[in-house]
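Residues per chain are reported as follows:
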Amino acid sequence: MGEHAGIRVVHRSGSKLNFRPPVITNDSKFLLCASGECVKVFSTSTEECIHNLRGHTDLVTGVHLNPCNHLQSHLFNGTLRLWDFMDGILIKTYLIKYKIYSMYTSAYHKGVIFIIAPVQDSKGSVFQLLALHLPQSGDQTVEASQLSVVLEDVSSNPAAVSLGRGGEYIASIKCLQLEVFFFKKQKSYRLFLKVDNKKGAKNTFTCVTCHPKDDCIATGHEDGKIRLWRNFNHKKEYTYTTLHWHHSAVASLCFTPEGTNLLSGGVESVLVQWKYRENQRDFLPRLGASITHVAVSPDGALFCCSHSDNKITIIQNCVNVSAVIQGLVRGGARTDLMVDPRTKCLVLNGNPGHLQFYSLQRDKLLYNLDIVQQEFIHELGLQQFEVVNAAFDGPGNWLATVEERRRKAAELELNLKLWAFDEQTQSFVLNTTIVAPHDSQVTDLCFCRASDSQTTLLVSASKDGHFKAWQLAAQTEGPSWSCDFVGAYRGLVPECCCFSADGSLLAVSFQEVVTVWSPGSWELLTTLSQPPKSIRNLCFGRLSCSKYLVGTAGHNLLCCWNLLTCSLEWSTSMEVTLLLADPHSDNMAAFCWQDKCTDLFVFKPSEPRPLFSHKAVCSGKVSRAVFAPREEMLESCEESSQWLNRSQLCFLTQNMDLMTFTTETEEEKLMASSKQLVIDDSVAMTPFYLLLGKHRCQTLEMRDKESSWGSAERTPLPKGSVAVKELLQTPAHVLPPTSVLCAMFVESLLVSVTDSREEDEPEEEEMEGENEEDSEENVALRAEPAPLGREMVDSAPLTKAQTRELRRLVKLDHGWFSDLLDS
């Protein structure tokens, strides 16, 4: 029962888009942002993802455009990778011995990149600002070891450092200190603030940015104030002016490229534009969530905001939201992780009062479903409705949700809502609302997911000591839901419930007793009371293991019952925090808490020996996970990874990071797909583009087949053909030598002209009066051997039309072509 090195835990879909500030390219057409272990390149006009730059094995902690080449970007995560992001090609990799937390670039410091790294032997608690000198080498992998210390004690926050005008100085903030280091003088000045003033304001620094054309430093503070520092090169003569609008901490600051405006953002979800040297400000309100980062395109045409709900907003001239790139919303997960049977999307809590439908395959949010249907008010301490439970039926026709609000300690409001899928709108529409379905909190909710079931059945369990069965009934006004059965067992509290795969059994746990019911007659069939503590999880086996029922009891017991004998099959001691079954196989997954980390065990209920185990998949407890179906089977031959062939196991960490397991085969496929070149860089990866690209591939395949028939049978290339366009639009660094291209191009033209003349001109009788000189030339041409490296097109004698055309070509002067090849 060992770990398997071929499978590892990665950030795949739904990674944070707001982890680091995004970067907009010089032409404002593309946006780059770090997303887990890769970098995503989005189109600013269509919001589509153009490229996924993959290659890192850890979180990407910084993205910057190359100051010397705006078509290249630097990516950091302990290694520096230089990419051509237009084509998705990895150009160079620099190996660095430090763990990188953030980086900064400047066009005035060529060959140097500034990084923040932990001080050695400090256990990651003390950080320093280093200047990394990139070596000049033609190798693709280079070790960068030349480092110099710029500042010794800095903050690890990427917003705490900024380069000044012309690269002359660099500013750093930490707690109540502003430090400015001048490169020419090799001297730093430290400016300090008091903890608070007479009015109780908090002066702690939160962010810093430098004016691009003036000696001015802007800093944000916890009390919402912005200070503009000047004369900071004289320690005793510095001055600052104060701007104040934000009521809470300033999260991000950024000057426009010309320095005419200063942008700021915070928890108010408002982008504030301050006029530099003027007492004026403009606002762009109601952006939906707190602003974490603010960025501006190099030409100043676009503004960009990252938000706390994992969203990026692209703004034109601070007045018009032109695009919104929404990632997986990082809210509090009250519901379980679910998979929509129709769209195969991941479904969980999103914005307050909403459920989000997130496509794992496309790594994109499809839509939000407003469950509460009330306006959310952002006010501390205000209790509002929250979605706490949700479940889908088997075909995905119905969605059940439970929302609750507790106004006082003894008062609880509950609503059970049933949503029907509407084929016209392709979304869920509210069908039935049941006010106060139970007298206390709902502990579990599940549908009967049997495909051959004639009735649609929903069961809810509550702390009031009852579980209720809700059945769909057809009425004249339309289908509606009503209570069909209320069950209880000796006044105990039901904790969890689940249906068997065929829908013939319902298991409900009442503290330490497991009850098994028949949904057809609502008869109590049997009770299972082997474990001494309360049951927390229940799962029926599937396929070949359908006769087993697996549950977790207390803090350290995993039990498996045989339903045919109604006895305990086996049990083992482990602290299971989450147990779930794969709906597409007979496997189960158990997440176990041990030594402040979570371990994973995959097993079949028929045998207690695990099929797969992985130690320390993450730090902290895992309380939400789901088996998501794959679009294509992996067909892995290794026994240790066969459990991933049909399904993909996704789980949420305590930090709300969505993680999954990947195999070496799957990673190789992803790497291969990310290296495919895009011919037209200005076209986004839209469905129309994919359709046209497929047609283009089919056309190229037909041309390849035609070329194999022989050069004499090639179809002449028309003017402005696709081949010529691709030749002109393909980047020069990936093309073969010009001499090879020129020779092939001219040769194709010569052959096509000959073929067209032969087809168009009818055969004529042999012209009289041919002189002997022409006859001798003809004989000499026929006697000439074929050039090396080419196949003979046809061994038959030339036709009369070919002979006449060949005579004409021989008399032409081709010296210009040989001179061109020699050059």
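For clarity, every value in this text was computed on a predicted model and none was experimentally measured.

### Things to note about the overall build of the chain
Along the chain, the regular secondary structure elements total seven helices and 57 strands. Within the chain, buried positions represent 49% of all 823 residues. In the chain, 45% of the contacts between residues at least 6 apart in sequence involve partners at least 24 apart. For the chain, the exposed surface amounts to about 41600 Å²; the carbon and sulfur share of it is 50%.

### Observations regarding the environment of Arg-406
With respect to the secondary-structure elements, Arg-406 resides in strand S36 (residues 398–408). Leave out the neighbours within four places in its chain, and Arg-406 touches Gln-383, Glu-411, Leu-412 and Gln-441.

### Describing the sheet that holds strand S5 (residues 49–54)
Strand order in the open sheet formed by four strands is S2-S3-S4-S5, and the pairing between neighbours is antiparallel. The sheet is open, and its two edges are formed by strand S2 (23–24) and S5, each paired on a single side. Relative to strand S3 (residues 30–35), S2 runs antiparallel, the two sharing two bridges. Residue Val-23 lies in a different strand from S3, and its bridge partner there is Leu-32.

### Focus on the UniProt feature "domain: C2H2-type" (unreviewed entry) in the chain
Under the present numbering, the feature "domain: C2H2-type" (unreviewed entry) in UniProt falls on residues 33–56. In this annotation, residues 33–56 is assigned 0% helix and 62% strand; the end-to-end C-alpha distance for the span is 14 Å.

### A closer look at the nonpolar core
Leu-580, Phe-591, Leu-600, Trp-643, Leu-649, Phe-651 and Phe-661 are the most contacted members of the largest nonpolar core, which has 21 residues in total. Take this core: its biggest share by element is three residues, from strand S54 (residues 607–619). The next biggest cluster of nonpolar side chains, apart from the first, holds 18 residues, and it includes Leu-457, Phe-467, Ala-469 and Trp-522.

### Regarding the packing of aromatic side chains
Tallied over the entire structure, the rule returns 31 aromatic pairs. Between the aromatic rings of Phe-467 and Trp-517, the centroid separation amounts to 5.1 Å while the plane-to-plane angle is 65°, which identifies the pairing as edge-to-face. Of this pair, Phe-467 sits in strand S41 (residues 467–473) while Trp-517 sits in strand S45 (residues 513–518), and the two are 50 residues apart along the sequence. You can call Trp-517 buried: its relative accessible area is 6%. The cationic tip of Arg-20 hangs over the ring face of Phe-19; the distance from NZ or CZ to the ring centre is 4.3 Å. Sitting above the plane of the Phe-182 ring, Lys-185 keeps its charged end 5.4 Å from the centroid.

### As for the sheet that holds strand S15 (residues 161–163)
Taken in spatial order, the four strands line up as S15-S16-S17-S18 in an open sheet, and their pairing is antiparallel. The strands lining the two open edges of the sheet, one partner per strand, are S15 and strand S18 (187–192). Each strand axis lies, on average, 15° off the axis of its neighbour in the sheet, ignoring direction. Of the strand pairs in this sheet, strand S17 (residues 177–182) and S18 are connected by six bridges, and their pairing is antiparallel. Directly across from Val-180, in S18, lies its bridge partner Tyr-189.

Cut-offs used in this document
Residues numbered from 1 in each chain as written. Predicted model: local features only at pLDDT ≥ 70, side-chain atom pairs only at ≥ 80, totals over all residues. Heavy atoms only, no water. Helix = DSSP H or I, 4+ residues; strand = E, 2+ residues; numbered from the N terminus. Buried < 20%, exposed > 50% of the residue type's maximum accessible area, 1.4 Å probe, protein only. Contact = heavy atoms within 4.5 Å. Areas by Shrake-Rupley, 256 points an atom, 1.4 Å probe, with all protein chains shown as cover. Pairing = 2+ DSSP bridges. UniProt positions renumbered as here; feature names shortened; annotations may be inferred. Core = buried A, V, L, I, M, F, W, Y, C linked by side-chain atoms within 4.5 Å. Phe/Tyr/Trp six-rings, centres within 6.5 Å; stacked < 30°, edge-to-face > 60°. Lys NZ or Arg CZ within 6 Å of the ring centre and 35° of its normal. Axes fitted to C-alpha atoms, helices over the stretch in contact; angles between N-to-C directions.

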